[in-house]
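In case you want the letters, here they are:
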Amino acid sequence: MPSVLVLNGPNLNLLGQRQPEVYGSTTLADIEAACTAHAVDLDVAFLQSNHEGVLLDAIHAAKGVHGGLIINAGAYTHTSIALMDAVASVELPTVEVHLSNIHAREPFRHVSYLSKVAIGQICGFGPQGYLMALDALAARLATS
Ligand code: CA2
(Lines give C-alpha, C1' and ligand atoms only; values in the text may rest on other atoms or scores of the structure.)
Protein backbone atom coordinates (compact mmCIF):
# COMPACT_ATOMS: atom_id res chain seq x y z
CA MET A 1 0.00 0.00 0.00
CA PRO A 2 1.41 3.45 -0.88
CA SER A 3 2.48 5.65 1.98
CA VAL A 4 2.03 9.39 2.42
CA LEU A 5 3.74 11.74 4.86
CA VAL A 6 1.66 14.62 6.22
CA LEU A 7 3.88 17.49 7.37
CA ASN A 8 2.67 20.42 9.43
CA GLY A 9 4.80 23.46 10.12
CA PRO A 10 5.12 26.19 12.72
CA ASN A 11 2.35 26.93 15.20
CA LEU A 12 0.00 24.30 13.82
CA ASN A 13 0.50 22.38 17.08
CA LEU A 14 -1.63 25.18 18.60
CA LEU A 15 -4.69 24.36 16.51
CA GLY A 16 -7.87 24.22 18.54
CA GLN A 17 -6.17 25.87 21.50
CA ARG A 18 -5.73 29.49 20.32
CA GLN A 19 -7.48 31.78 17.79
CA PRO A 20 -10.42 29.41 17.08
CA GLU A 21 -12.13 32.28 15.22
CA VAL A 22 -9.38 32.08 12.59
CA TYR A 23 -8.36 28.42 12.55
CA GLY A 24 -11.35 26.62 14.10
CA SER A 25 -11.62 24.39 17.14
CA THR A 26 -10.29 21.17 15.63
CA THR A 27 -6.92 20.10 17.04
CA LEU A 28 -4.03 18.76 15.01
CA ALA A 29 -4.55 15.38 16.72
CA ASP A 30 -8.18 15.46 15.48
CA ILE A 31 -6.97 16.14 11.93
CA GLU A 32 -4.44 13.32 12.10
CA ALA A 33 -7.09 10.90 13.38
CA ALA A 34 -9.46 11.96 10.59
CA CYS A 35 -6.71 11.41 8.01
CA THR A 36 -5.97 7.93 9.32
CA ALA A 37 -9.67 7.02 9.30
CA HIS A 38 -10.17 8.46 5.81
CA ALA A 39 -7.19 6.88 4.07
CA VAL A 40 -8.23 3.31 3.38
CA ASP A 41 -5.86 2.92 0.43
CA LEU A 42 -2.86 4.68 1.96
CA ASP A 43 -0.58 4.36 4.94
CA VAL A 44 -0.32 7.80 6.51
CA ALA A 45 2.51 9.13 8.68
CA PHE A 46 2.56 12.52 10.42
CA LEU A 47 5.11 15.05 11.60
CA GLN A 48 4.65 18.55 12.99
CA SER A 49 7.57 20.80 13.70
CA ASN A 50 8.15 24.44 14.52
CA HIS A 51 11.66 24.18 13.05
CA GLU A 52 12.42 24.63 9.38
CA GLY A 53 15.43 22.29 9.47
CA VAL A 54 13.39 19.46 10.98
CA LEU A 55 10.87 19.82 8.15
CA LEU A 56 13.70 19.84 5.60
CA ASP A 57 15.21 16.66 7.06
CA ALA A 58 11.80 14.96 7.02
CA ILE A 59 11.31 15.84 3.34
CA HIS A 60 14.77 14.49 2.48
CA ALA A 61 14.13 11.27 4.45
CA ALA A 62 10.77 10.74 2.73
CA LYS A 63 12.48 9.84 -0.54
CA GLY A 64 12.25 6.06 -1.01
CA VAL A 65 10.00 5.68 2.04
CA HIS A 66 6.83 7.56 1.13
CA GLY A 67 5.09 7.86 -2.21
CA GLY A 68 3.91 11.42 -1.69
CA LEU A 69 3.75 14.40 0.64
CA ILE A 70 1.03 16.61 2.05
CA ILE A 71 2.43 19.83 3.47
CA ASN A 72 0.91 22.66 5.43
CA ALA A 73 4.08 24.63 5.97
CA GLY A 74 2.30 27.37 7.94
CA ALA A 75 4.08 30.70 7.64
CA TYR A 76 7.12 29.02 6.00
CA THR A 77 4.87 28.68 2.94
CA HIS A 78 5.40 32.36 2.27
CA THR A 79 9.10 32.59 3.06
CA SER A 80 10.97 29.34 2.60
CA ILE A 81 12.89 28.81 -0.61
CA ALA A 82 14.64 26.00 1.31
CA LEU A 83 11.41 24.03 1.69
CA MET A 84 10.60 24.62 -1.97
CA ASP A 85 14.04 23.33 -2.97
CA ALA A 86 13.69 20.29 -0.70
CA VAL A 87 10.35 19.32 -2.22
CA ALA A 88 11.75 19.79 -5.72
CA SER A 89 14.80 17.68 -4.86
CA VAL A 90 12.90 14.59 -3.68
CA GLU A 91 10.61 14.54 -6.74
CA LEU A 92 7.64 13.21 -4.72
CA PRO A 93 4.12 14.30 -5.66
CA THR A 94 3.27 16.95 -3.09
CA VAL A 95 -0.05 18.56 -2.23
CA GLU A 96 0.03 21.90 -0.42
CA VAL A 97 -2.75 22.40 2.13
CA HIS A 98 -3.93 25.42 4.08
CA LEU A 99 -6.83 25.58 6.48
CA SER A 100 -7.64 29.16 5.57
CA ASN A 101 -8.05 30.69 2.13
CA ILE A 102 -4.64 32.34 1.97
CA HIS A 103 -5.69 34.29 -1.16
CA ALA A 104 -8.46 36.05 0.77
CA ARG A 105 -6.10 37.14 3.55
CA GLU A 106 -3.21 39.62 3.83
CA PRO A 107 -1.19 40.13 0.62
CA PHE A 108 1.93 38.53 2.14
CA ARG A 109 -0.02 35.24 2.41
CA HIS A 110 -0.88 35.25 -1.29
CA VAL A 111 2.66 34.18 -2.20
CA SER A 112 3.51 30.50 -1.82
CA TYR A 113 6.93 29.15 -2.73
CA LEU A 114 5.62 25.62 -2.23
CA SER A 115 2.96 26.01 -4.90
CA LYS A 116 5.74 26.29 -7.48
CA VAL A 117 6.74 22.66 -6.83
CA ALA A 118 3.47 21.12 -5.57
CA ILE A 119 1.11 19.26 -7.90
CA GLY A 120 -1.67 21.40 -6.44
CA GLN A 121 -2.82 23.61 -3.60
CA ILE A 122 -5.95 23.14 -1.46
CA CYS A 123 -6.91 26.05 0.77
CA GLY A 124 -9.93 27.45 2.52
CA PHE A 125 -11.71 24.20 3.40
CA GLY A 126 -10.44 23.85 6.96
CA PRO A 127 -9.49 20.36 8.16
CA GLN A 128 -11.38 18.81 5.23
CA GLY A 129 -8.58 20.05 2.99
CA TYR A 130 -6.27 17.36 4.36
CA LEU A 131 -8.78 14.66 3.37
CA MET A 132 -9.11 16.21 -0.09
CA ALA A 133 -5.33 16.13 -0.39
CA LEU A 134 -5.27 12.45 0.58
CA ASP A 135 -7.83 11.69 -2.13
CA ALA A 136 -5.80 13.64 -4.69
CA LEU A 137 -2.60 11.81 -3.79
CA ALA A 138 -4.30 8.40 -3.70
CA ALA A 139 -5.56 9.01 -7.24
CA ARG A 140 -2.13 10.20 -8.38
CA LEU A 141 -0.31 7.24 -6.80
CA ALA A 142 -2.79 4.74 -8.26
CA THR A 143 -1.84 5.86 -11.77
CA SER A 144 1.93 6.07 -11.31
O1 CA2 B 1 -4.26 28.51 6.73
C2 CA2 B 1 -3.27 27.82 7.00
O3 CA2 B 1 -3.30 26.61 7.15
C4 CA2 B 1 -1.92 28.52 7.23
O5 CA2 B 1 -0.90 27.68 6.71
C6 CA2 B 1 -1.78 28.69 8.72
C7 CA2 B 1 -0.53 29.46 9.11
C8 CA2 B 1 -0.45 30.78 8.34
O9 CA2 B 1 0.77 31.44 8.65
C10 CA2 B 1 -0.56 30.58 6.86
O11 CA2 B 1 -0.53 31.83 6.22
C12 CA2 B 1 -1.85 29.85 6.51
C13 CA2 B 1 -0.52 29.77 10.60
C14 CA2 B 1 -0.71 28.59 11.46
C15 CA2 B 1 -0.87 29.09 12.86
O16 CA2 B 1 -1.76 28.23 13.51
C17 CA2 B 1 -2.24 28.67 14.69
C18 CA2 B 1 -3.23 27.91 15.25
C19 CA2 B 1 -3.78 28.31 16.44
C20 CA2 B 1 -3.33 29.46 17.07
C21 CA2 B 1 -2.34 30.22 16.50
C22 CA2 B 1 -1.79 29.82 15.31
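Use the structure listed above.
Asks: What is the right way to look at the layout of surface pockets in this model?
Replies: Empty pockets left among the atoms are what a rolling probe the size of a water molecule brings to light. The space that makes up the largest pocket amounts to roughly 380 Å³. Forming the walls of the largest pocket are 20 residues, and the residues nearest its centre are Pro10, Asn11, Leu12, Tyr23 and Arg109. Classifying every residue of the lining of the largest pocket by side-chain character gives nine nonpolar, eight polar and three charged.

Asks: When you look at helix 4 (residues 81–90) in this model, what are you seeing that I'm missing?
Replies: Counting along an α-helix, one turn takes 3.6 residues, and residues three or four places apart therefore face a common direction. Those residues of helix 4 not exposed but buried are Leu83, Met84, Ala86, Val87 and Val90. Taken down its axis, helix 4 places every buried residue within 160° of arc, on the same side. The secondary structure elements touched by the buried residues of helix 4 are helix 3 (52–62), strand 3 (68–72) and strand 4 (94–98). Of the residues flanking the end of helix 4, it is Glu91, one or two places downstream, whose phi is positive at about 55°.

Asks: What's the story with the pairing of strand 4 in this structure? I'm lost.
Replies: Residues in a regular strand point their side chains to alternate faces of the sheet. The buried count for strand 4 comes to five of five residues, which makes it a mostly enclosed element. On strand 4, burial covers both faces: Thr94, Glu96 and His98 on one face and Val95 and Val97 on the other are all buried. Across three bridges, the pairing between strand 3 and strand 4 is parallel. Its bridge partner being in strand 4, Ile70 is matched across the sheet by Val95. Once the chain exits strand 3 it traverses helix 4 before rejoining the sheet at strand 4, and the crossover so formed is right-handed. In terms of strand pairing, strand 4 meets strand 5 (residues 120–123) through four bridges, oriented parallel. The partner of His98 across the bridge, within strand 5, is Cys123.

Asks: Would you mind showing me how to read the nonpolar core here?
Replies: The nonpolar side chains of a soluble globular protein tend to be buried with one another. Membership of the largest hydrophobic core comes to 20 residues, with the highest contact counts inside it found for Val4, Ile70, Tyr130 and Leu134. Listed by contribution, the elements that provide at least two residues to this core are strand 1 (3–8), helix 2 (28–38), strand 4 and helix 5 (128–142). Setting aside residues no more than four positions away along its own chain, Ile70 makes contact with Val4, Leu5, Val6, Leu7, Val95, Val97, Tyr130, Ala133, Leu134 and Leu137. Listed in part, the 17 residues of the second largest apolar core include Ala58, Ile59, Ala62 and Val90.

Asks: Hey, could you run me through the packing of helix 2 against helix 5 in this one?
Replies: Two numbers describe how helix 2 lies on helix 5: the axes approach to 9 Å, and their chain directions differ by 30°. For helix 2 against helix 5, the interelement crossing comes out right-handed. Within the contact between the two elements, helix 2 uses Ile31, Ala34, Cys35 and His38 and helix 5 uses Tyr130, Leu131, Leu134 and Asp135. Partitioned by chemical class, the residues of the contact of helix 2 with helix 5 number six nonpolar, one polar and one charged.

Asks: Just to check I follow, could you spell out the side chain of Ser112 for this structure?
Replies: By the element assignment, Ser112 lies in the loop between strand 4 and strand 5. Here the side chain of Ser112 touches Glu96 through a polar contact of 2.7 Å, side chain to side chain. From its side chain, Ser112 meets the backbone nitrogen of Leu114 in a polar contact 3.3 Å long. Each residue touching Ser112, except ones within four places of it in the same chain, is listed here: Thr77, Glu96 and Gln121.

Asks: Just checking my understanding: could you explain the site of the ligand for this structure?
Replies: Of all residues adjacent to the ligand, which total 16 residues, the nearest are Asn72, His78, Leu99, Ser100 and Arg109. A distance of 2.8 Å is found between an oxygen atom of the ligand and a side-chain nitrogen or oxygen belonging to Asn72. His78 places a polar side-chain atom, nitrogen or oxygen, 2.7 Å from an oxygen atom of the ligand. Because more than half of its atoms lie within 2 Å of the grid, the ligand is assigned to the largest pocket.

Each value, and the rule that gives it
- Residues numbered from 1 in each chain as written.
- Predicted model: local features only at pLDDT ≥ 70, side-chain atom pairs only at ≥ 80, totals over all residues.
- Heavy atoms only, no water.
- 1 Å grid on protein atoms, 1.4 Å probe; cavity = no way out; pocket = protein on both sides within 12 Å on 5 of 7 lines; lining within 4 Å.
- Points joined across faces, edges and corners; volume = space filled by probe spheres on them.
- Nonpolar A, V, L, I, M, F, W, Y, C, P; charged D, E, K, R; others polar.
- Buried < 20%, exposed > 50% of the residue type's maximum accessible area, 1.4 Å probe, protein only.
- Helix = DSSP H or I, 4+ residues; strand = E, 2+ residues; numbered from the N terminus.
- Arc of directions from axis to C-beta.
- Contact = heavy atoms within 4.5 Å.
- Pairing = 2+ DSSP bridges.
- Right-handed = clockwise from strand over helix to strand, strands pointing away.
- Core = buried A, V, L, I, M, F, W, Y, C linked by side-chain atoms within 4.5 Å.
- Axes fitted to C-alpha atoms, helices over the stretch in contact; angles between N-to-C directions.
- Left-handed = near helix turned anticlockwise from the far one by under 90°.
- Polar contact = N/O pair within 3.5 Å; in protein donor to acceptor, adjacent residues only side chain to side chain.
- Near = heavy atom within 4 Å.
- Sits in = over half its atoms within 2 Å of the grid points.

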